[in-house]
There are 2 protein chains.
Amino acid sequence: MDCWVDGQPADALSLKDRGLAYGDGLFETIAVRGGQPLLLDRHLIRLADGCSRLAIAADIELIRAELQSYAAAMGEGVLKLILTRGDGLRGYAPDPSAQGRRILQGNPPAAYPAAHGEQGIRLFPCATRLSVQSLLAGLKHLNRLEQVLARAEWQDSEHAEGLMLDQAGRVIEGVFSNLFLVRDGVLVTADLKRCGVAGVMRAEILFQAESLAIPVQITDISLDQLQWADEVFVCNSVYGIWPVRACAALHWPVGPLTRKLQTIARTLLDA
Amino acid sequence: MDCWVDGQPADALSLKDRGLAYGDGLFETIAVRGGQPLLLDRHLIRLADGCSRLAIAADIELIRAELQSYAAAMGEGVLKLILTRGDGLRGYAPDPSAQGRRILQGNPPAAYPAAHGEQGIRLFPCATRLSVQSLLAGLKHLNRLEQVLARAEWQDSEHAEGLMLDQAGRVIEGVFSNLFLVRDGVLVTADLKRCGVAGVMRAEILFQAESLAIPVQITDISLDQLQWADEVFVCNSVYGIWPVRACAALHWPVGPLTRKLQTIARTLLDA
């Protein structure tokens, strides 16, 4: 399907776009089923938070309507929205009157092996560490060289995802997923105040856990804590939940809480 | 003047470019005088280092030839080269066979007030801190949201540049410049092993200082050391050297070593 730029079919971008020049923008990757963009409210909440923190002017309701129209036309697949600060003059100074530029791209449904969800996956232990930057932490912004470097660390198909630590060695997330562990019935995920992307599926799982009265901890996680976890899983808004069976020498079983949440995630993504 | 993409006039970029998607690329901003790209060897050395560290395939001699042809056609001004990893598939994994995409953009000569060089400037003390990431330190890559946020901190024309510290409070650089101080006859600049951009003019000044037998220290710099400096200046490969007269409550005179190096920089940029 054709891309749209600011609501119009387009196949190319202005060479002055600040998304290209500086990674000055945000993105969302949205699963589309039956012509509907899934978890749309959560995607738009994160996008609005990003716009506010980066001071990018954007009409979120217009973006909602465009995403819905685009999803209706594509039917099934993965919709990527890139929102940049638009064209720039020379230099870093953002133009306070600039309007965000909306780029919509449609892709076929993600083709991950069903075994990832059924039997679970192995994580590659990435040497690339996430840098600490509270001003950008949590945002799905376009400055993603750390993820590019981390993802380039393995080519084999034995590892479906990579584990990323921060500079201090805290366990943060996957390269394109968030990470949860379960210990003594408590669901634990990393505090993302210093780095990491606050994923839409992560937010949904935290919400579902609360509804189910599952105790939740959002905290700093050490490798030691990961080692002693009863269950580990990764998640994102496209594939849902993958149980994690191993990372380097560490091994975990696929546990009951993982399966319970996986069923919920599957329901949300089969909508 | 028209932009060039991979050697051909173009006004638009593929929407699949990984420079847009992830800031997956590098750039160089090159002064052009009399049809010549200035300090070209140093720009290409840094670019080659970036390509090697990010594993972006690029033919540096082809890029040299293109920069020379483009500069000859533009005559005077500022030439910006963006080198991206080219088009991407979905996901962070870089295609090892991808060739870098070359984008050349011409701009008119920079219009900075002459007073910046003559009387010196005031630095804005940026609250945005540089994050520590040794894998990217020194590179002029396209992940520049920290500079965008820092440059957005001031709008007045009293401040010509901003001072950026790292997360630990070390003095690193300007938003678009490197910083030097002079203390007891020694020229001091920040060690860029954790963060910062290793500027072409910085490299040239270090080289010139060695030729002139001026003692040089490349080290961590504290705000205390900045306070006790005899002279402070910033530099880049477009404007040369600006003496720094003040930053917040700190004040410095314009000193003799600054003037000496400024004369050399001016000669290099008037070539």
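Residues numbered from 1 in each chain as written. Chains lettered and ligands numbered in written order. Predicted model: local features only at pLDDT ≥ 70, side-chain atom pairs only at ≥ 80, totals over all residues. Heavy atoms only, no water.

- Looking up chain A in an unreviewed UniProt entry gives the name Aminodeoxychorismate lyase, with the organism given as Pseudomonas koreensis.
- One UniProt comment on chain A, placed under Cofactor (unreviewed entry), says "pyridoxal 5'-phosphate".
- Its UniProt record, at the heading Subunit (unreviewed entry), says of chain A: "Homodimer." (UniProt positions renumbered as here; feature names shortened; annotations may be inferred.)

## Observations concerning the packing of aromatic side chains
Residue and element names in this part refer to chain A.
Then comes step 1: Counted according to the given criterion, the structure contains 20 aromatic pairs over all chains.
Then comes step 2: On the numbers, 5.4 Å between centres and 20° between planes, the contact of Phe-124 with Trp-154 is stacked. Residue Phe-124 is found in strand β8 (residues 121-125), and its partner Trp-154 is found in the loop between α5 (145-151) and β9 (159-165); the two are separated by 30 residues along the sequence.
Then comes step 3: For Phe-124, a relative accessible area of 18% puts it in the buried group.
Then comes step 4: Owing to a relative accessible area of 2%, Trp-154 belongs among the buried residues under this scheme.
Then comes step 5: Arranged with centres 3.6 Å apart and planes meeting at 10°, the rings of Tyr-239 and Trp-242 form a pair that is stacked.
Then comes step 6: Residue classification places Tyr-239 among the buried positions, given a relative accessible area of 12%. (Phe/Tyr/Trp six-rings, centres within 6.5 Å; stacked < 30°, edge-to-face > 60°. Helix = DSSP H or I, 4+ residues; strand = E, 2+ residues; numbered from the N terminus. Buried < 20%, exposed > 50% of the residue type's maximum accessible area, 1.4 Å probe, protein only.)

## Looking at the sheet that holds strand β7 (residues 101-107) of chain A
All names here are of chain A.
Then comes step 1: Taking strand neighbours across the sheet as the criterion, the 6 strands line up as β2-β1-β7-β6-β4-β5 in an open arrangement whose pairing is antiparallel. The open sheet has two free edges, formed respectively by β2 (8-10) and β5 (36-37), since each of these has just one partner strand.
Then comes step 2: With 3 bridges joining them, strand β1 (residues 3-5) and β2 adopt antiparallel strand pairing. Residue pairing for β2: Trp-4 is matched across the bridge by Pro-9.
Then comes step 3: Against the sheet, helix α3 (residues 60-74) contacts β1, β4 (25-33), β5, β6 (77-84) and β7, and its axis sits at roughly 20° relative to β7. (Pairing = 2+ DSSP bridges. Contact = heavy atoms within 4.5 Å. Axes fitted to C-alpha atoms, helices over the stretch in contact; angles between N-to-C directions.)

## As for the relation of the copies chain B and chain A
The pair of chain copies shares a relation made of a rotation about an axis and a shift along it.
Then comes step 1: For the pair chain B and chain A, the relating rotation is 180°, the translation along its axis is 0.0 Å, and the fit reaches an RMSD of 0.0 Å. Such values leave the two copies arranged in the relation of a two-fold axis.
Then comes step 2: Comparing contact sets, 100% of the residues at the interface of chain B also lie at the interface in chain A, consistent with an isologous, same-surface contact. (Least-squares fit on C-alpha atoms with pLDDT ≥ 70 in both.)

## Here's the deal with the pairing of strand β13 (residues 216-219) of chain A
The side chains of a regular strand alternate, first on one face of the sheet and then on the other.
Residue and element names in this part refer to chain A.
Then comes step 1: Where strand β12 (residues 186-190) lies against β13, 4 bridges are found, and the strand directions are parallel. Bridge assignment links Val-188 to a residue of β13, and that residue is Gln-217.
Then comes step 2: Of the crossover connections in this fold, the one passing from β12 over helix α6 (residues 200-211) to the parallel β13 is right-handed. (Right-handed = clockwise from strand over helix to strand, strands pointing away.)

## With respect to α6 of chain A
Along an α-helix, residues three or four apart share an orientation, since each turn contains 3.6 residues.
Residue and element names in this part refer to chain A.
Then comes step 1: With 12 residues, α6 ought to run about 16 Å at 1.5 Å a step, and its terminal C-alpha atoms sit 17 Å apart, in line with that.
Then comes step 2: The set of residues buried in α6 consists of Val-200, Met-201, Arg-202, Glu-204, Ile-205, Leu-206, Gln-208 and Ala-209.
Then comes step 3: Immediately beyond the C-terminal end of α6, within one or two residues, lies Ala-213, with a positive phi of roughly 60°. (Expected span 1.5 Å × (residues − 1).)

## Brief notes about the packing of helix α2 (residues 40-54) of chain A against α3 of chain A
All names here are of chain A.
Then comes step 1: The geometry of α2 relative to α3 is characterised by a closest axis approach of 11 Å and an angle of 140° between their N-to-C directions. Comparing their axes, α3 and α2 come out oblique. The chirality of how α2 crosses α3 is right-handed. Residue-level contacts link Leu-40, Asp-41, Leu-44, Leu-47 and Ala-48 of α2 to Ile-60, Ile-63, Arg-64, Leu-67 and Gln-68 of α3. (Parallel < 35°, antiparallel > 145°, perpendicular 65-115°, else oblique. Left-handed = near helix turned anticlockwise from the far one by under 90°.)

## Side note on the sheet that holds strand β7 (residues 101-107) of chain B
Residue and element names in this part refer to chain B.
Then comes step 1: Spatial strand order, β2-β1-β7-β6-β4-β5: 6 strands in an open sheet with antiparallel pairing. Looking at strand neighbours, the two that pair on one side only are β2 (8-10) and β5 (36-37), the edges of this open sheet.
Then comes step 2: Relative to β7, strand β1 (residues 3-5) runs antiparallel, the two sharing 2 bridges. Directly across from Val-5, in β7, lies its bridge partner Ile-103.
Then comes step 3: Contacts from helix α2 (residues 40-54) reach β4 (25-33), β5 and β6 (77-84), with the element oriented near 175° to β4.

## Section: unusual backbone geometry
Then comes step 1: In this structure, Ala-248 of chain A is a non-glycine residue whose phi angle is positive, near 50°.
Then comes step 2: With respect to the element layout, Ala-248 of chain A can be found in the loop between β15 (240-247) and β16 (250-251).
Then comes step 3: Positive phi, normally seen in glycine, also occurs at Leu-39 of chain B, with a value near 55°.
Then comes step 4: Structurally, Leu-39 of chain B is set in the loop between β5 and α2.

## What about the interface of chain B and chain A?
Then comes step 1: Taken together, the contact between chain B and chain A spans 58 residues of the former and 58 residues of the latter.
Then comes step 2: Taken together, both faces of the contact between chain B and chain A bury some 4300 Å²; the carbon and sulfur share is 67%.
Then comes step 3: When the area that chain B buries against chain A is broken down by residue, the three leading residues are Leu-15, Tyr-92 and Leu-145 of chain B, summing to 20%.
Then comes step 4: Applying the counting rule to chain B against chain A returns 0 salt bridges.
Then comes step 5: Taken together, chain B and chain A are joined by 18 residue pairs in polar contact (both at pLDDT 80 or more).
Then comes step 6: Among the secondary structure elements, those contributing two or more residues to the side of chain B that touches chain A are β1, β3 (12-14), α1 (18-22), β4, α2, β6, β7 and α5 (145-151) of chain B.
Then comes step 7: For the side of chain B that touches chain A, the leading source of residues is α5 of chain B, giving 6 residues.
Then comes step 8: In terms of residue class, the side of chain B that touches chain A is built from 31 nonpolar, 14 polar and 13 charged.
Then comes step 9: Here strand β3 (residues 12-14) of chain A pairs with β3 of chain B via 3 bridges, running antiparallel. (Buried area = accessible area lost by both parts, 1.4 Å probe. Salt bridge = Lys/Arg side-chain N within 4 Å of Asp/Glu carboxyl O. Polar contact = N/O pair within 3.5 Å; in protein donor to acceptor, adjacent residues only side chain to side chain. Nonpolar A, V, L, I, M, F, W, Y, C, P; charged D, E, K, R; others polar.)

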